[in-house]
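# An overview of the molecular structure
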Amino acid sequence: MFEYLSPRSLATPQEVSDYLKLQQAAQDFRLEVEHRARLEAYCQWYYQVAAENQRDLEQMRSEVNLLTWFNRRSA
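Described in the following lines is the structure provided in the data block.

Quick notes on the rules
- Residues numbered from 1 in each chain as written.
- Predicted model: local features only at pLDDT ≥ 70, side-chain atom pairs only at ≥ 80, totals over all residues.
- Heavy atoms only, no water.
- Phe/Tyr/Trp six-rings, centres within 6.5 Å; stacked < 30°, edge-to-face > 60°.
- Helix = DSSP H or I, 4+ residues; strand = E, 2+ residues; numbered from the N terminus.
- Buried < 20%, exposed > 50% of the residue type's maximum accessible area, 1.4 Å probe, protein only.
- Salt bridge = Lys/Arg side-chain N within 4 Å of Asp/Glu carboxyl O.

Turning next to the packing of aromatic side chains. This model, assessed by the stated rule, comprises three aromatic pairs. Ring geometry for Y42 and W45: centres 5.7 Å apart, planes at 35 degrees, overall tilted. In this pair, Y42 and W45 are both assigned in helix α1 (residues 13-62), three residues apart and thus about one turn of the helix distant. Under the relative-accessibility criterion, Y42 is labelled partly exposed at 47%. Ring centres of Y46 and Y47 lie 6.3 Å apart, and the angle between their planes is 75 degrees; on these two criteria the pair is classed as edge-to-face.

Structure below.
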């Protein structure tokens, strides 16, 4: 009645073990690729923010420091 559900040939334990090892290797590879992609995106973001901060710092260094006008001490 349910002949279509029964396997035509049963896999040996060695074949099952090999299949599971292959599946684990594929999953590990996929996770490694995702991790490296996330790391690359983070590094790109970090370098972009660092460059923006460097530009802001240079701009601040070229501006007049108003606090020195108010903090002058009488000699």
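To continue, consider the pattern of salt bridges. Inspection of the entire model under this criterion finds three salt bridges. One salt bridge connects R36 with E32, and the closest N-O pair in it is separated by 2.7 Å. Taken together, the positions of R36 and E32, both in helix α1 and four residues apart, correspond to about one turn of that helix. Given a relative accessible area of 56%, R36 falls into the exposed group. In this structure, R61 engages E58 in a salt bridge whose closest nitrogen and oxygen atoms are separated by 3.3 Å. On the criterion of helical spacing, the pair formed by R61 and E58 is a turn pair, its members being three residues apart in helix α1. On the basis of relative accessible area, R61 is assigned to the exposed category, the value being 58%. E58 sits in the partly exposed class, given a relative accessible area of 44%.

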